[in-house]
Amino acid sequence: LCLPNMPTYTDGSEVAGTITDLRAVVRDGEEILISIDDSVIANFTGEGYRVANWTDKDGNEIAGKNVYSFTITVNDDNTYKVNLEKDTYTLTVSTEGTMGTVHIGDGTETSVTVNNGGTAKITATPNSGYKFVNWTLNGVVVSTENPYNVPAITDNVQYVAVFAEAAALNAG
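Residues numbered from 1 in each chain as written. Predicted model: local features only at pLDDT ≥ 70, side-chain atom pairs only at ≥ 80, totals over all residues. Heavy atoms only, no water.

**Student:** Looking at this model, I keep getting lost on the nonpolar core. Mind explaining?
**Tutor:** For soluble globular proteins, the rule of thumb is that nonpolar side chains tend to be buried together. Judged by nonpolar contacts, the single largest core of 19 residues is most densely connected at Leu91, Ile122, Trp135 and Tyr159. Looking at this core, the elements that each hand over two or more residues are β7 (88-95), β8 (100-104), β10 (120-126), β11 (130-137), β13 (148-150) and β14 (157-165). The biggest single contributor to this core is β14, with four residues. Setting aside its immediate chain neighbours within four residues, leucine 91 contacts Ile104, Thr110, Ser111, Val112, Val114, Ala120, Ile122, Ile153, Val157 and Tyr159. (Core = buried A, V, L, I, M, F, W, Y, C linked by side-chain atoms within 4.5 Å. Buried < 20%, exposed > 50% of the residue type's maximum accessible area, 1.4 Å probe, protein only. Helix = DSSP H or I, 4+ residues; strand = E, 2+ residues; numbered from the N terminus. Contact = heavy atoms within 4.5 Å.)

If you want it as structure tokens, here you go:
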């Protein structure tokens, strides 16, 4: 029996660094506990990764997503590998009122899934007679730039575009 010697990402690339081979002599039919915790994952990958699944030497899945500990009955020589994937978050854009439209990137999406640490460009387009004022996040103004390059995303976020009547802005 050989436990993981190097986690891999779901895209197949290996994590920088190695975990020492953990070898054990186990009788057929014995149960063993296999586990990994966030501190071990963070030590090799940095923050923002989670368990995608565990596979055996033939690539068969033996434990699924977000399983950090499991018991397995050993019946032959095998190698078990933990596969990692980046945490993902939802980036959403919306408008305050109906004075314009918003989108993420070059498309028309108003909600996308982003990898941990990912960035995106968000754009607000005012309707006729209105002007873009700013972007807010949790009710706080974060930018008057349009388009706006959202910084590294490490949680679910919703940016709101604020518009105002063009005549009201020109009068001030």
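Having seen the structure, we can now continue with the description.
**Student:** Is there a simple way to explain unusual backbone geometry in this structure?
**Tutor:** Trans is the prevailing form of peptide bonds, just as negative phi is the prevailing case for residues other than glycine. The step from asparagine 146 to proline 147 runs through a cis peptide bond, and the omega angle for that step is 5°. For proline 147, the location among the structural elements is in the loop between β12 (140-143) and β13. In this model, asparagine 138 sits at a positive phi of 55°, which is unusual for a non-glycine residue. The residue asparagine 138 is located in the loop between β11 and β12 in this model. For asparagine 138, a relative accessible area of 74% corresponds to the exposed category.

**Student:** What's the story with the sheet that holds β13 in this structure? I'm lost.
**Tutor:** Strand pairs in the sheet, formed through backbone hydrogen bonds, run parallel or antiparallel to each other. Pairing in this open sheet of three strands is antiparallel, and the strands run β8-β10-β13 from one edge to the other. One side of each edge strand has no neighbouring strand; the edge strands of this open sheet are β8 and β13. Averaged over all neighbouring strand pairs, the angle between strand axes comes to 25°, with direction disregarded. As defined by bridge partners, β8 adjoins β10 across five bridges and the pair is classed as antiparallel. Across the sheet, residue isoleucine 104 finds its bridge partner in β10, namely isoleucine 122. (Pairing = 2+ DSSP bridges. Axes fitted to C-alpha atoms, helices over the stretch in contact; angles between N-to-C directions.)

**Student:** Honestly, the pattern of salt bridges in this entry has me stumped. Any pointers?
**Tutor:** Two side chains carrying opposite charge are able to pair once their charged atoms lie near each other. Counting across every chain of the model gives one salt bridge. Where lysine 121 meets aspartate 106, a salt bridge forms, and the shortest distance between an N and an O atom there is 3.7 Å. Here lysine 121 is found in strand β10, whereas its partner aspartate 106 is found in the loop between β8 and β9 (111-115), with 15 residues between them in sequence. A residue is classified by how much of its surface remains accessible, and lysine 121, at 33% relative accessible area, is partly exposed. Under the relative-accessibility criterion, aspartate 106 is labelled exposed at 76%. (Salt bridge = Lys/Arg side-chain N within 4 Å of Asp/Glu carboxyl O.)

**Student:** Please clarify how the packing of aromatic side chains should be interpreted in this entry.
**Tutor:** The way to describe two aromatic rings as a pair is by their centre distance and the angle between their planes. Under the definition given, this model contains three aromatic pairs. For the pair phenylalanine 132 and phenylalanine 163, a centre-to-centre distance of 6.2 Å together with 80° between the ring planes defines the contact as edge-to-face. Within this pair, whereas phenylalanine 132 is found in strand β11, its partner phenylalanine 163 is found in strand β14, the two being separated by 31 residues in sequence. The burial state of phenylalanine 132 is the same as that of phenylalanine 163; both residues are buried. Taken together through their ring pairs, the aromatic side chains of Phe132, Trp135 and Phe163 make up a single cluster. (Phe/Tyr/Trp six-rings, centres within 6.5 Å; stacked < 30°, edge-to-face > 60°.)

**Student:** What is the right way to read the sheet that holds β12 from this model?
**Tutor:** Taking strand neighbours across the sheet as the criterion, the five strands line up as β9-β7-β14-β11-β12 in an open arrangement whose pairing is mixed. Of all strands in the sheet, those with a lone pairing partner are β9 and β12, marking the two edges. Taking the axes of each pair of neighbouring strands and ignoring which way they run, one obtains an average angle of 35° across the sheet. Note: β11 against β12, three bridges, orientation antiparallel. Counterpart to threonine 136 in the pairing with β12 is valine 141.

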